[in-house]
Amino acid sequence: MLAKRIIPCLDVKEGRVVKGVSFVNLRDAGDPVEVARLYNDEGADEICFLDITASYEKRSILIDVVRNTAEQVFMPLTVGGGVGTLDDIRILLNAGADKVSINTAAVQNPEFVREASERFGSQCIVVAIDAKRVSPSSDNPPPLGTKLNSAPEKGGEKVGGIRWEVYIHGGRTPTDIDAVQWAKKMEEYSAGELLLTSMDKDGTRDGYDIDLTCTVSEEVSIPVIASGGAGTLGHLYEGLTAGKADAVLAASIFHYREYTIKEAKEYLKARGICVRI
Amino acid sequence: MGLIAIIDYGMGNLRSVEKAFERVGHNAFIARSPAEVSKASHVVLPGVGGFPECMKNLTATGMIDAVYKSIESGKQFLGICLGLQLLFSESEEFGLHKGLNILQGRVVRFRLGKGFKVPHMGWNQINIKKDIPLLKGIPDNSFVYFVHSYYAAPSDSSIISTLSDYGGEFTSSVYKDNIFACQFHPEKSQDIGLRILKNFGDIG
């Protein structure tokens, strides 16, 4: 049986882990290679690096990080952040990344996703979607976590009148694109997988946006990774069950050593989720 | 000790396969010409991307003959992912295309009901059907890493060495004479995968 995947994510800036904390077992908790190796040893199913280096000149540092990680870790590695050209993808794959995630560039030119999939295979093309709730009336936004009584409408644009808008440029720029429609379009353009981040939930640690995750997951037939908001192991469970996600991505709960990957998997397994232990 | 050639025919990064062999203490190199392949005792055919594109590149680089010769001469041969699919008669990816026809059967797309995502991506279990040297020390139902939308349906079911389940059983590896081929990626499958690669290099 196909296991649900647990994917720790590291934000990397100029070759260093952002918000590096003191890991007991690591010499240098700011070194993404060391952190990746620790997650590997704990049984993570994949690892994700999100490069948030602002300066283009310094982005080559990331390539070295990817190369060094790939030398030591025998599991899939996804790298995202600033991927805008076929050449960017080629360089990352040659450095040892297994998948790249594309966000802003996909919105600016959807054909880029198709070209990338044709050239490198859809198995390595992840489209990252940053989605934010839009209320039917902006004067009266529905509070987060509101229980929705109605089932998703056919077509999936709305759940109980709620929709989500795609943001780009690291969440700074709204696009007026409906996130569910966008997810379907990216599937048509041969994306291999979707990394779906709720901007409302990201950083809150009060759980994934289950409505968003579930709606998108039901609308596409490619795998969906839930992201944004995981603060407890229960949230992971929720994302994989109610959210119908194929994988869950989390940063802080692993990063701050609240839980190890192993603990997360044991928790999920005890609740009947198929995980690889 | 054997020398392992990893066939480079312009389809993606082969470094991960090479370094995985290095990790388990085998002597592996990326072979960029048929002449280089001929030096090896063990040959690996990796592959990512589309089936027709891979066949085209195998032909264009002359590696297609290197594959046939390696197998005919009895070298230990390992196909990974698309490298398994290419060994078969034909594939229905992007229309019907001829394969190497070393193994008989067709490569077909997953046709699954709702709830089964394609590509089949992630960690799934292998149900061991044959006691073969490649799977020595591998517990039944071990998890390995897959990423694919097509799989091979061998005409001769006796070559099936492992089955996996994704909305029904499919062939996840085959074994015949000097050929072992797996749909999953041993180089991405942590300790289990490394053990398989070690076993491969240990044969012969």
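Just above sits the structure.
Presented here is a report on the structure given in the accompanying data block. Just so you know, these numbers come straight off a predicted model, no measurement behind them.

**With respect to the sheet that holds strand β7 (residues 103-109) of chain B**
Residues and elements named next belong to chain B.
- Across the sheet, which stays open at both edges, the four strands sit in the order β6-β5-β7-β10 with mixed pairing between neighbours. Of all strands in the sheet, those bounded by a partner on one side alone are β6 (97-98) and β10 (150-154).
- Pairing geometry for strand β5 (residues 88-91) and β6, over two bridges, is antiparallel. Paired with Ser 91 across the two strands is His 97, which belongs to β6.

**Remarks on the interface of chain B and chain A**
- At the junction of the two partners, chain B supplies 27 residues and chain A supplies 35 residues.
- Three residues stand out in chain B for area buried against chain A, namely Lys 117, Met 121 and Trp 123 of chain B, and they jointly supply 28% of the buried area on that side.
- Between chain B and chain A we count three salt bridges in total.
- Two residues, Arg 15 of chain B and Glu 71 of chain A, come together in a salt bridge whose shortest N-O distance is 2.9 Å.
- Linking chain B with chain A are 18 residue pairs in polar contact (both at pLDDT 80 or more), by the criterion used here.
- Mapped by element, the contributors of at least two residues to the side of chain B that touches chain A are α1 (15-23), β8 (120-128), β9 (142-148) and α6 (190-202) of chain B.
- In terms of residue count, the dominant contributor to the side of chain B that touches chain A is β8 of chain B (six residues).
- Counted by class, the side of chain B that touches chain A contains 11 nonpolar, eight polar and eight charged residues.

**Description of the pairing of strand β1 (residues 5-13) of chain A**
Residues and elements named next belong to chain A.
- Within β1, seven of the nine residues are buried, which leaves the element mostly enclosed by the surrounding structure.
- Direction of pairing for β1 relative to strand β11 (residues 247-250): parallel, over a ladder of four bridges. Its bridge partner being in β11, Ile 7 is matched across the sheet by Leu 249.
- Pairing of β1 with strand β2 (residues 16-17) involves two bridges; the strand directions are antiparallel. Each residue of the ladder has a partner; that of Lys 13, found in β2, is Arg 16.
- The turn joining β1 and β2, which pair antiparallel and follow one another in sequence, is formed by two residues; a positive phi near 50 degrees is taken by Glu 14.

Criteria and cut-off values
- Residues numbered from 1 in each chain as written.
- Chains lettered and ligands numbered in written order.
- Predicted model: local features only at pLDDT ≥ 70, side-chain atom pairs only at ≥ 80, totals over all residues.
- Heavy atoms only, no water.
- Pairing = 2+ DSSP bridges.
- Helix = DSSP H or I, 4+ residues; strand = E, 2+ residues; numbered from the N terminus.
- Contact = heavy atoms within 4.5 Å.
- Buried area = accessible area lost by both parts, 1.4 Å probe.
- Salt bridge = Lys/Arg side-chain N within 4 Å of Asp/Glu carboxyl O.
- Polar contact = N/O pair within 3.5 Å; in protein donor to acceptor, adjacent residues only side chain to side chain.
- Nonpolar A, V, L, I, M, F, W, Y, C, P; charged D, E, K, R; others polar.
- Buried < 20%, exposed > 50% of the residue type's maximum accessible area, 1.4 Å probe, protein only.

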